[in-house]
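Examining the three-dimensional arrangement
Given next are the chains, with one letter for each unit.
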Amino acid sequence: GMKIWLEPREITVLEDEVVTKVACGNGFTFALTASGDLYSFGKGRSRCLAHGDSTSRRLPERVEAFHGQVVTDISCGERHAAAVVLSGVM
């Protein structure tokens, strides 16, 4: 299983990015950058990470499904995630 951190940890994967918004669901997190890139991490069994599989990720990974698009907003619920791209498509 995935190691669970019970105390805050610095995540340096995004240290060269400006994170403008973070949204959390039940066991997963999305981060949106100023350049419109979307990253996700957490428990993959929810299939909410948008990486096309159920693999858990301890560190943020770019969501390649939005490659070439500018994500402008994100939202998460207990078992869902949504992203809006510059063209207005959700």
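Each remark here, short or long, concerns the structure printed above.
Every value quoted in this text rests on a predicted model; they were computed, and no experiment measured them.

Moving on, we get to the overall build of the protein. Secondary structure assignment for the protein yields zero helices and six strands. Shown N-terminal to C-terminal, the secondary structure of the protein runs as helices and strands in the order β-β-β-β-β-β. The C-alpha radius of gyration computed for the protein amounts to 13 Å, which stays within 12% of the reference 12 Å derived for 90 residues, consistent with globular compactness. C-alpha atoms of the protein, sized along the principal axes, occupy 40 × 25 × 20 Å. In the protein, which comprises 90 residues, the proportion classed as buried is 30%. Taking the contacts inside the protein whose residues are at least 6 apart along the sequence as the reference set, 36% of them involve residues at least 24 apart.

Non-glycine residue R47 carries a positive phi angle of around 60°. Along the chain, R47 turns up in the loop between β3 (38-42) and β4 (57-62). On the basis of relative accessibility, which here comes to 54%, the residue R47 falls in the exposed class. Of note, the phi angle at A50 is positive, near 70°, even though the residue is not glycine. Residue placement: A50 occurs in the loop between β3 and β4. A relative accessible area of 37% means that A50 is categorised as partly exposed.

To continue, consider the nonpolar core. One finds F28, F30, L38, V71, I74, C76 and A83 to be the most contacted residues of the largest nonpolar core, which totals 13 residues. Put simply, the parts of the chain that give this core at least two residues each are β2 (28-33), β5 (71-76) and β6 (81-85). The residues touching V71, leaving out its near neighbours within four places in the chain, are L32, G36, L38, F66, A83, V84 and V85.

Criteria and thresholds
Residues numbered from 1 in each chain as written. Predicted model: local features only at pLDDT ≥ 70, side-chain atom pairs only at ≥ 80, totals over all residues. Heavy atoms only, no water. Helix = DSSP H or I, 4+ residues; strand = E, 2+ residues; numbered from the N terminus. Rg over C-alpha atoms; globule rule 2.2 N^0.38 Å. Buried < 20%, exposed > 50% of the residue type's maximum accessible area, 1.4 Å probe, protein only. Contact = heavy atoms within 4.5 Å. Core = buried A, V, L, I, M, F, W, Y, C linked by side-chain atoms within 4.5 Å.

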